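# A closer look at the structure
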Amino acid sequence: MLDLPPRIGLRFLRWFCKDEFLEEIEGDIVELFYLSREESPRKARFFFLWNVLRSFRWTNLKKTQTDNSNMNLLSNYTKIYFRRFRKETTHFIVNIFGLAMGLAILFFILMFVYDEQKIDSFYSKSERIYRVVEKSTTEEDGTHHYFCNANPLGEALKSDFSGIEETARMTYFGSHVLVKDEVRIADRDWVLATKGIFKILDFDIVSGDPLKDFQGQAGIVLTEDVAKNLFGRTDVVGEVLDGSRFGKIEVLAVMRSMPRNSTYQFKEIYIPNFSQFSERFQRFFSSWDTRFMHTWVLLKEGTSPEEIYTQKESFLEKYLDAEIKAEHDFYFLPLTDIHLGATNVENGGPGPLLAIPLSDRQFVSMILLMGFFVIFIAALNYINLSSVQALKRTLEASMRKINGATNRQLVGQLFFETLFTVLISYVLSIAIVAILFPFFQEIANKDFHFSLLFSFDLIGYHLFTMAVIWIVSAFLPALYYSKLKRSLLILKNAFSGKGDMLRKSLVGIQYILSMFLVIGSIVIYRQLNFVQSKDLGFDNNNLLVLDINSGSARQSFKNIVDGIKKSPDVINVSASSRVPGEWKDLPVANLSLNLNEDPVEANHYAVDHYWLDTYQIELITGHNFTGLDQTDSLHILINEQAVKMLALDEPIGANVWVNTRRDSVRMKVIGVIEDFHFESLYELIGPVVLTTWNNHVRSLDYFTVRYAQNPQRTIGHIEDVNATFDPDTPAEINFLDMQWERFYRAEKSRSMIILIASVVSIIISAFGLFGLINFTTERKTKEIGIRKVMGATILNIIYLIIRDYMILLLISLVISAPVAYWLLNDWLSDFAYRINLSPDVFLFAFLVILVISFSTVLSRIFKIAKANPVHAIRYE
Amino acid sequence: MNDQSLGEFEELVLLMVAALHDEAYGVAILQHLEEKLDRKINISAIHVALKRLENKGFVHSRFGGITKDRGGRRKKFYVMTAAGKKVLDRQYAIRTSIYKDIPNISFS
């Protein structure tokens, strides 16, 4: 066998090679084969195949035969297609563009949704990673779900359940500072996590070992970027930082930045050594009556959470007193579900900052649905227009038939041409996506790669969508064709009336969907606008917030306030424990008139006497704090809501028990302030109590600066003052209104996506209407001519053409309005402060569509209506 | 492309066709070129070069008789045409004239 050249090579060569070259090439290669066979038959065979492959060149290839009848037909179809393209450019452009826009929107949305669903699923053990959610049920509060768990829960889970491979605990408490020589870094992207986290999540460790032992209270793992900023290099394992949350601290390892589709982006991870903590902290971290730690769990392979739950009861009984047991029930939430499935879970305590805000499935499916709406509209459009076109070509079809074409061939032509159009639109849509990609990333607040569009998981959707559009849009006109009688074909307009009903209902559906999208985007836009411009009860413009990150700043706060005030740009400065729109927890104090009463849970702010003026919160009755620490210390201010809930008839002078975690003190109300919003407008305004700064429960955490002008100079000034009194900590300054914007950022990007999708849908629908009216007017040219001769006015004619479409628009309004009303009411009910759905929204949407649709066709209709009837009658 | 141009590899093949006069066919050209150049050449490269030369009219070809060592396939022999000779002469003349212009500097 080895004696002869490999058969497969020969066959391949003979298959592709031009006959005129074959003998020479084959002969030479075979000769070479025999020559090299002397050396080694195996090599010779390989060499032979290699030579065959190398001969597989363009010049050697057989040229496809062109005298094949099918090929002829196809080339004829192609020719006809492009001729018609030239003849009816408008129609084709409208058709292709409409479809391409729909596809582009769909692709954007697919990418968005895909990315949303893949968040946090890139870890090698993602499927086995869970986060523990505590389910706390109390009589007063009902049921709440918290990410923060009892501090020792993680350790106890690991030691008590054999199905749990590893656990980790993490927590976070505000900003921190890292110091190395002269360099200081302050940021919020850090976390305190036990070693287990490195066994649960995959961190890309460049050097060092996060699991090794270290001296002192904590070690730290840095990202390369942070290491570079601190040391100017990345090989810093074993180096010691001069300052941090835990004093001098050793760098245990350096890692790469976390992938961008991770909920968290930790830049610094502190690893605690609890045994080195002060006794007080050790007690705190092992107390079950706390809620301070996020717990991560890695289950062993093959273990399901349910298996753990079976022993949960005895576990809880072992560690918890009966009285707090119900407060610390827990369950496991899969890591991959956190991003979309945790809207009902509150932090319930400190939590590391999220790099990607949590979203929910409802929104993702809403967006997906919209993508399909838009592509559906585009597809209907396309189907409509192409079926209309097919009808116009009866003459061509009949000529083909008379010349012997079968029905199958006619239908085949339709499929072929449609495929052409679909492919052109596909290419165009890819181009649109590519061009608008940066813009889209901005809107969606994501940074994914363009290649995602062609990822294995998404390409199927492309093909599926196009196949459906292709088949359906070719199929409908094909139905008419196949029913043709040969004799009828020669007659013109053999089908002028056919399919009208179908086309109109398709247009109707299009309009229902567009109307729906337009109403939705108007309402969402209005609501967001309402929320953002609503009076918060204080003026959040021109406010700068400076975090207090160190004891020295806290002690000299009066000096800092006075120092900042010296600048002419600054109107007022205040220090307080919290600021409205706070991103950490909102501390609570319980108010009651008598100690044994059910208390009113009020948000507690510790403030100085400049606070009201700085925020421009109105004092309704009574007076403000005096600024004299002795006088103020037992006085409080409360808001109107607190007055209402405490049922105080005469609030001024009333004595109220203020219960904090530490103790209960009886204090006197000296003033009532206007309600102001301290959370997003999703929440109702709750009761608020202001105490003076020198209470011992809440320490001061912020300065607020109201500036008159020149924020840049003001920031510089604040930094200088901060540096004088607290040289160790860099100033962390934020604009308050930017913090407020955070509440609505997700909504903004959502409403933007919805707005764009609905604009595109209107444009596509308008395209469709344009095409259809074009068709109708062309059809009715003669009729219009005759009517004009008989004395019809231009208005009569315009009315004649658009009457039907007006009725369609009205019908679609009637159908879409109630559904939209119902869905939007549902959405609005999430907001504590919301607009009402008034009829003018629906009217406005109707007008928008009407104007956009008819302005595109009006010039066309007008031209026909105005034309000289003689030309019209001679038409055809 | 200028029909009279000659790539480096084409020139080598053409030279070999001329040198092997009447005995020049694919495998022979390949073997002699490999020997002279001391490197591996693929047969398909030779075929391509030969076809180009033929299209430019520098060689012409004929089929030889049936031989046993090719399993009955005929050899295709190439000979240089007058045009081929002319282009080689020109190439040679250009090169020598430029070569002569090299100043007499020691390169060792």
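As a starting point, this report considers the structure included with it.

Criteria and cut-off values
- Residues numbered from 1 in each chain as written.
- Chains lettered and ligands numbered in written order.
- Predicted model: local features only at pLDDT ≥ 70, side-chain atom pairs only at ≥ 80, totals over all residues.
- Contact = placed C-beta atoms within 7 Å.
- Helix = DSSP H or I, 4+ residues; strand = E, 2+ residues; numbered from the N terminus.
- Nonpolar A, V, L, I, M, F, W, Y, C, P; charged D, E, K, R; others polar.
- Axes fitted to C-alpha atoms, helices over the stretch in contact; angles between N-to-C directions.
- Left-handed = near helix turned anticlockwise from the far one by under 90°.
- Core = buried A, V, L, I, M, F, W, Y, C linked by C-beta atoms within 7 Å.
- Buried ≥ 20, exposed ≤ 12 C-beta atoms within 10 Å, placed from the backbone.
- Pairing = 2+ DSSP bridges.

Residue-level contacts link 15 residues of chain B with 16 residues of chain A. If you tally residues by element for the side of chain B that touches chain A, the top one is helix H3 (residues 43–56) of chain B, at five residues. A breakdown of the residues in the side of chain B that touches chain A according to their chemical character gives three nonpolar, five polar and seven charged.

What follows is about the packing of helix H3 (residues 41–55) of chain A against H3(B). In contact at an axis separation of 8 Å, H3(A) and H3(B) are set at 35° when each is read in the N-to-C sense. Relative to H3(B), H3(A) is oriented so that their crossing is right-handed. In this structure, H3(A) uses Asn51(A), Arg54(A) and Ser55(A) to contact H3(B), whose residues at the interface are Ile43(B), Ser44(B) and His47(B). Tallied by class, residues from the contact of H3(A) with H3(B) come to one nonpolar, four polar and one charged.

Our next topic: the nonpolar core. Residues and elements named next belong to chain A. The biggest cluster of nonpolar side chains holds 84 residues, and the ones touching the most others in it are Ile105, Val374, Ala378, Met515, Ile519 and Ala845. Elements with a minimum of two residues in this core: helix H5 (89–118), helix H14 (361–392), helix H16 (407–444), helix H17 (456–482), helix H19 (500–533), helix H26 (736–779), helix H28 (794–828) and helix H29 (839–866). With residues up to four places along the chain from it excluded, the contact list for valine 374 reads Gly102, Ile105, Leu106, Ala757, Val760 and Ser761. Among the nonpolar cores identified, the runner-up in size contains 53 residues, and Val545, Met667, Phe676 and Ile718 belong to it.

This part is about the pairing of strand S12 (residues 268–272) of chain A. All names here are of chain A. The buried count for S12 comes to five of five residues, which makes it a mostly enclosed element. Side chains Glu268, Tyr270 and Pro272 project from S12 onto one buried face, and the interleaved Ile269 and Ile271 project onto a second face that is buried too. Where strand S7 (residues 190–193) meets S12, three bridges bridge the pair, whose relative direction is parallel. Pairing of valine 191 across the sheet is with isoleucine 269, part of S12. Looking at chain direction, strand S9 (residues 218–223) and S12 are connected through five bridges and run antiparallel. Paired with glycine 219 across the two strands is isoleucine 271, which belongs to S12.

Interpretation note: all reported values are geometric properties and have no functional meaning in isolation.
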